[in-house]
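# Secondary and tertiary structure notes
Letter by letter, the chains look like this.
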Amino acid sequence: MTRSRDDFPLSATQRTLPIALLRAREAVMERFRPMLRDIDVTEQQWRVLRVVQEAEEIDATQLARAACVLAPSLTRILKSLESRGLITQGRDKNDRRRTLVRLTEAGDALLHEAGLVSAKIYAEIEAKLSAERIADLLDALERMTDDLTRQDDAGNGD
């Protein structure tokens, strides 16, 4: 059966939210990838290190969620970062099932040095887009995430 374009229920890919978000992510990340290559850190490892830095100490389950990394991937990432001396892992004294992650001095130093480069890259992006536009975009994305998450939670009977 031949269908016309008018019959097709999907929008053109250029005007779909998933594709638009991926294109925007790529436009941003292409500016940061050279810095990440220079410090021999993957994008996922960078997200994990940044979340740990902000939290000082964090449970692995919370870390996976905050860094947008699946648990099996996080296990591999943590092993790699620990073998490089960038993080430490330990058991929670109150709940031995929980793994707590902390940044080491070497991890902190790496993030400090990379942070200087990252800040320059971010300033270049801000110069193109404006601080206000970036803030508005971040607010809109946060609202969208909250709305979709609330809607998902309500649909699950939680």
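You'll find the structure just up there.
Quick caveat, the model's predicted, so the values are computed rather than measured.

## Looking at helix α5 (residues 105-129)
Note that an α-helix has 3.6 residues per turn; residues three or four places apart therefore point the same way. A rise of 1.5 Å per residue sets the reference length of α5, with its 25 residues, at 36 Å; its end C-alpha atoms lie 35 Å apart and thus fit the reference within 8%. The principal kink in α5, of about 30°, is found at G115. After α5 finishes, the residue S130 shows a positive phi value of roughly 90°.

## Things to note about the pattern of salt bridges
Summed over all chains, the structure comprises eleven salt bridges. The partner of D95 in a salt bridge is R97, with the nearest N and O atoms 3.0 Å apart. What you see here is one network of salt bridges that share partners, running through R25, E26, R33 and E43.

## Things to note about the nonpolar core
W46, V48, L49, L63 and L74 are the most contacted members of the largest nonpolar core, which totals 31 residues. Those elements giving two or more residues to this core turn out to be α1 (17-38), α2 (43-55), α3 (60-66), α4 (71-83), β3 (99-103) and α5.

## Comments concerning the side chain of T104
Take T104: it is sitting in the loop between β3 and α5. For T104, a relative accessible area of 17% translates into the label buried. Looking at T104, its side chain comes within polar contact range of the main-chain oxygen of G85, at 2.4 Å.

## Side note on unusual backbone geometry
Phi at E56 takes a positive value of approximately 70°, unusual for a residue other than glycine. When you line up the elements, E56 lands in the loop between α2 and β1 (57-59). The backbone of S130 shows a phi angle near 90°, a positive value even though the residue is not glycine. Relative to the elements of secondary structure, S130 occurs in the loop between α5 and α6 (131-155).

## Digging into the sheet that holds β3
Strand order in the open sheet formed by three strands is β1-β3-β2, with antiparallel pairing between adjacent strands. Edge positions in the sheet fall to β1 and β2 (87-91), since each of these pairs with one other strand and no more. For this sheet, the mean angle separating the axes of adjacent strands, direction not counted, is 25°. Relative to β3, β1 is paired through three bridges, and the arrangement is antiparallel. Residue pairing for β3: D59 is matched across the bridge by L100. α4 rests against β2 and β3 of the sheet, and its axis sits at about 120° to β2.

Cut-offs used in this document
- Residues numbered from 1 in each chain as written.
- Predicted model: local features only at pLDDT ≥ 70, side-chain atom pairs only at ≥ 80, totals over all residues.
- Heavy atoms only, no water.
- Helix = DSSP H or I, 4+ residues; strand = E, 2+ residues; numbered from the N terminus.
- Expected span 1.5 Å × (residues − 1).
- Bend = angle between axes of the 7 residues up to and from the residue.
- Salt bridge = Lys/Arg side-chain N within 4 Å of Asp/Glu carboxyl O.
- Core = buried A, V, L, I, M, F, W, Y, C linked by side-chain atoms within 4.5 Å.
- Buried < 20%, exposed > 50% of the residue type's maximum accessible area, 1.4 Å probe, protein only.
- Polar contact = N/O pair within 3.5 Å; in protein donor to acceptor, adjacent residues only side chain to side chain.
- Pairing = 2+ DSSP bridges.
- Axes fitted to C-alpha atoms, helices over the stretch in contact; angles between N-to-C directions.
- Contact = heavy atoms within 4.5 Å.

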